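The primary structure of each chain is shown beneath.
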Amino acid sequence: MNIVSILEQGLIFAIAALGISMSYKILNFPDLSVDGSFPLGAAVASILLVNGYSPFIALIIATLSGGISGVFTGYIHTKFNITNLLSGIIVMIALYSVNLRIMGKANVHLFNTEHLFKNKYPALLIIFILLFSCKLLIDYLLKTKFGYVLRSLGDNPNVVNSLGLDDKKYKIIGLMIANGLVALSGGILAQYQGFADIGMGTGILVTGLASIILGEQILKANKHIKLSTMVIVGSIIYRLIIAISLKVGFAASDLKLITAVILLGILVMDSKKHNIRKLFTKELGVMR
């Protein structure tokens, strides 16, 4: 079990988890379109690299492409009053064909192409710098007026409307940022593993949610720890659990099942803790 490899993968997927936390935790928007925007970022970055573009230019354009998919999700939801789940599903389905059109086939390899990790610098250092930049950006954004509006939008949209602000515009921008981060993660992963595949985004939402919930459960006792830090820690722990599962003999085809079991187990334990806390509070009230 290679700890460095686990860290590298955990940090790459943490960028996607940061994006998912923006939609799921901040906007209260379960966005299924991320399962399409993740391979979209990989597809765009890979095709640009094959055509001789700089790795950083490829990542920037991949991020923008993911942002555009988020705009479509938000526009469908706000313009046509379609539920958030259905809006995400519609864009996710559409992106499957878009990604195939971009790549021209089911996968594109980068083995003979210059990319981000074909240089003298360690892969872990490059990934850490990219992730840390995203974390700083998110932390700063959430401290601004725009960030507070996004938080209010997730908690109670009526508050945003009462301030005379356009809640639809803010929701679309929030989804654009979220999907942009997810696509960036896909673009980095494609370069890290040396290929982009049409199915590489399957289950990325569940993976992101597992990372978010794991991080929250482990670090929620400390109120001073930021959401972004919880997400990053959760992503690394999730990758460690997956690595251990493979080490003890599970097949790679079982990973999605393991993810579902992990997520279900965390939610069940959290629910039981919540029920016990409610019962204790009720009994204490009776005693008083």
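Look up: the structure comes first, before these words.
Residues numbered from 1 in each chain as written. Predicted model: local features only at pLDDT ≥ 70, side-chain atom pairs only at ≥ 80, totals over all residues. Heavy atoms only, no water.

*Asks:* Please clarify how the layout of surface pockets should be interpreted in this entry.
*Replies:* It is a probe the size of a water molecule, rolled over the atoms, that shows where empty space is left. The space that makes up the largest pocket amounts to roughly 530 Å³. Lining the largest pocket are 26 residues, and of these Gln9, Phe13, Arg239, Ile242 and Leu255 lie nearest its centre. Put simply, the parts of the chain that give the lining of the largest pocket at least two residues each are helix 1 (3-26), helix 8 (167-193), strand 2 (195-197), helix 9 (204-219), helix 10 (227-247) and helix 11 (255-287). Residue contributions to the lining of the largest pocket peak at six residues, all from helix 10. Looking at the lining of the largest pocket residue by residue, the classes come out as 12 nonpolar, 10 polar and four charged. (1 Å grid on protein atoms, 1.4 Å probe; cavity = no way out; pocket = protein on both sides within 12 Å on 5 of 7 lines; lining within 4 Å. Points joined across faces, edges and corners; volume = space filled by probe spheres on them. Helix = DSSP H or I, 4+ residues; strand = E, 2+ residues; numbered from the N terminus. Nonpolar A, V, L, I, M, F, W, Y, C, P; charged D, E, K, R; others polar.)

*Asks:* Explain helix 10 to me, please; I cannot follow it from the model alone.
*Replies:* Because each turn of an α-helix spans 3.6 residues, side chains separated by three or four positions end up pointing in the same direction. The first and last C-alpha atoms of helix 10 sit 30 Å apart over 21 residues, in line with the 30 Å expected at 1.5 Å per residue. Buried residues of helix 10: Ser228, Met230, Val231, Ile232, Gly234, Ser235, Tyr238, Arg239, Ile242, Ala243 and Ser245, and no others. Just downstream of helix 10 lies glycine 249, where phi reads positive at about 120°. (Expected span 1.5 Å × (residues − 1). Buried < 20%, exposed > 50% of the residue type's maximum accessible area, 1.4 Å probe, protein only.)

*Asks:* Before we go on, may I ask you to explain the nonpolar core in this structure?
*Replies:* Most often, soluble globular proteins keep nonpolar side chains buried together rather than apart. With 54 residues, the main nonpolar core has Met22, Phe38 and Ile188 as its most contacted residues. Taken together, the elements giving at least two residues each to this core come down to helix 1, helix 2 (34-50), helix 5 (123-143), helix 6 (145-155), helix 8, helix 9 and helix 10. For this core, the element with the most residues is helix 1, which contributes 11 residues. Not counting chain neighbours up to four residues away, the residues in contact with isoleucine 188 comprise Ile12, Ile15, Leu59, Phe117 and Leu130. Ala45, Leu48, Ile76 and Leu95 belong to the second-largest nonpolar core, a separate cluster that totals 11 residues. (Core = buried A, V, L, I, M, F, W, Y, C linked by side-chain atoms within 4.5 Å. Contact = heavy atoms within 4.5 Å.)

*Asks:* Is there a simple way to explain unusual backbone geometry in this structure?
*Replies:* Leaving glycine aside, a negative phi is the common case for residues, and trans is the common case for peptide bonds. One non-glycine residue, asparagine 28, lies in the positive phi region at around 55°. Within the fold, asparagine 28 resides in the loop between helix 1 and helix 2. Even without a glycine there, the phi angle at asparagine 81 is positive, about 55°. Residue position: asparagine 81 is located in the loop between helix 3 (55-79) and helix 4 (84-103).

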